[in-house]
Amino acid sequence: MLRSCLALLTLLLMAADQPAEAQRAAESRDGTRFFFSAGTHIRASYSDRQERQVADFHVRRARFRMRAEMDSGAGLYMQIDGARGDVGVLDFFAFYDISPQLRIRAGRMASAQPRSLIRTSMFQIDGVERAAIANHWGSLSTYSGRDEGVDLTLTKGSAEYQIFLHDGGPRLNQTTEARLAITGAASVRPTSLEGIEMGVFAGYNPHGSAGNAPSPRFVSGGAHLYYGARPGSQPIRFKLDLIAVDEANSDSGGERTSLGVSLLGAARASRGSELYARGETLGFKDMDDARYYSAGFSFSPSARRGDPYHQERITLELGRVEPANGVAYTTLILQLQLAI
């Protein structure tokens, strides 16, 4: 574990001596513009889960993004990941700007969902992982936050509205009916309240959830209130997320419900560094609550040079998980983030 941490710190110090790179762009003869970007999370971790001490060193994420735009407003976007050794496509969609305020997309994408899930990009994750209650929602949804479908996004002033008509994932209840899932989200960043962002989402999936006992219906909704959504963006930050889930149980004829609450606070320690702590609870009907705690420190060499905080960041986080059913365990993770 110690050798892994030292190796990761060496990588960061080498990166700190290099200038931060911006997103690469190119243009063809017909005026089509191409944009390329990449990023990775490399980590050393320790855990005493299941009463076993485990230390490892691995690539958590390795992403490459490509976007093509034409003067007509049409374009294509693709994101691939190779962290597990095999390259796979995460997102692939076509888009068209109907107007400067209205965009339509079709393909496989992350659209309307909890703000703390994929709508918080990998580079803007506050610690080393997204909120546990958001990951719980993703584990229940049959498409884990990405799905094939069509969405519309309307931007009106400081507000954004999104509606997603999508496949809904595998038909866990084996239905042959051609039914689609629908999810909507809305958010606003008031210009008079700098740093504030608030929003809601709600969704209905007739194809059920991906829990241990697949259900024939999955309804969810939630809200968020942020003051400083991005790590290192301001001296003091906080985030509040609420996510509620209601599932019909095909076996008992009853329902399974859960309510997740996540609260994060962060403070700038110095130029290019931040301290943070997060507490979460996930309450179930007729079950004990699950609780998640984490605290950590992040340092950005790029921010020290005046470049974006997310381009080069190292994060050290101590976490504690207390499952609803099971034995509590502790994690310690040191993660390097590079964005190009």
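To be clear, the structure that these remarks concern was listed above.
Residues numbered from 1 in each chain as written. Predicted model: local features only at pLDDT ≥ 70, side-chain atom pairs only at ≥ 80, totals over all residues. Heavy atoms only, no water.

1. Observations regarding the pattern of salt bridges
Oppositely charged side chains may form a pair once their charged atoms are brought near each other.
Working step 1: In the structure shown here, the tally under the stated rule is 20 salt bridges.
Working step 2: For Lys-239, the salt bridge identified is with Asp-126, shortest N-O distance 2.8 Å. Taken together, the positions of Lys-239 in strand β12 (residues 236-248) and Asp-126 in the loop between β6 (102-109) and α2 (132-140) put the pair 113 residues apart, joining distant regions of the chain.
Working step 3: Among the charged side chains, a network of salt bridges with common partners joins Asp-126, Arg-237, Lys-239, Glu-274 and Arg-278. (Salt bridge = Lys/Arg side-chain N within 4 Å of Asp/Glu carboxyl O. Helix = DSSP H or I, 4+ residues; strand = E, 2+ residues; numbered from the N terminus.)

2. Brief notes about the packing of aromatic side chains
How two aromatic rings sit relative to each other is given by the distance of their centres and the angle of their planes.
Working step 1: Counted under the stated rule, the structure contains six aromatic pairs.
Working step 2: An angle of 25 degrees between the planes, with centres 5.0 Å apart, marks the rings of Tyr-77 and Phe-93 as stacked. Placement of the pair is Tyr-77 in strand β4 (residues 74-81) and Phe-93 in strand β5 (residues 88-99), with a sequence separation of 16 residues. You'll find Tyr-77 and Phe-93 in the same group, each marked buried.
Working step 3: In this structure, Arg-105 packs its charged tip against the face of Phe-93, placed 4.7 Å from the ring centre.
Working step 4: Sitting over the ring of Tyr-226, Lys-239 keeps its end group 4.8 Å from the ring centre. (Phe/Tyr/Trp six-rings, centres within 6.5 Å; stacked < 30°, edge-to-face > 60°. Buried < 20%, exposed > 50% of the residue type's maximum accessible area, 1.4 Å probe, protein only. Lys NZ or Arg CZ within 6 Å of the ring centre and 35° of its normal.)

3. Some remarks on the pairing of β4
Regular strands place side chains that alternate from one sheet face to the opposite one.
Working step 1: Buried residues dominate β4, accounting for six of its eight residues.
Working step 2: Here strand β3 (residues 54-69) runs beside β4; their pairing, made up of seven bridges, is antiparallel. Residue pairing for β4: Glu-69 is matched across the bridge by Gly-75.
Working step 3: In this sheet, β5 lies alongside β4 in antiparallel orientation, the contact comprising eight bridges. Residue Gln-79 lies in a different strand from β5, and its bridge partner there is Asp-91. (Pairing = 2+ DSSP bridges.)

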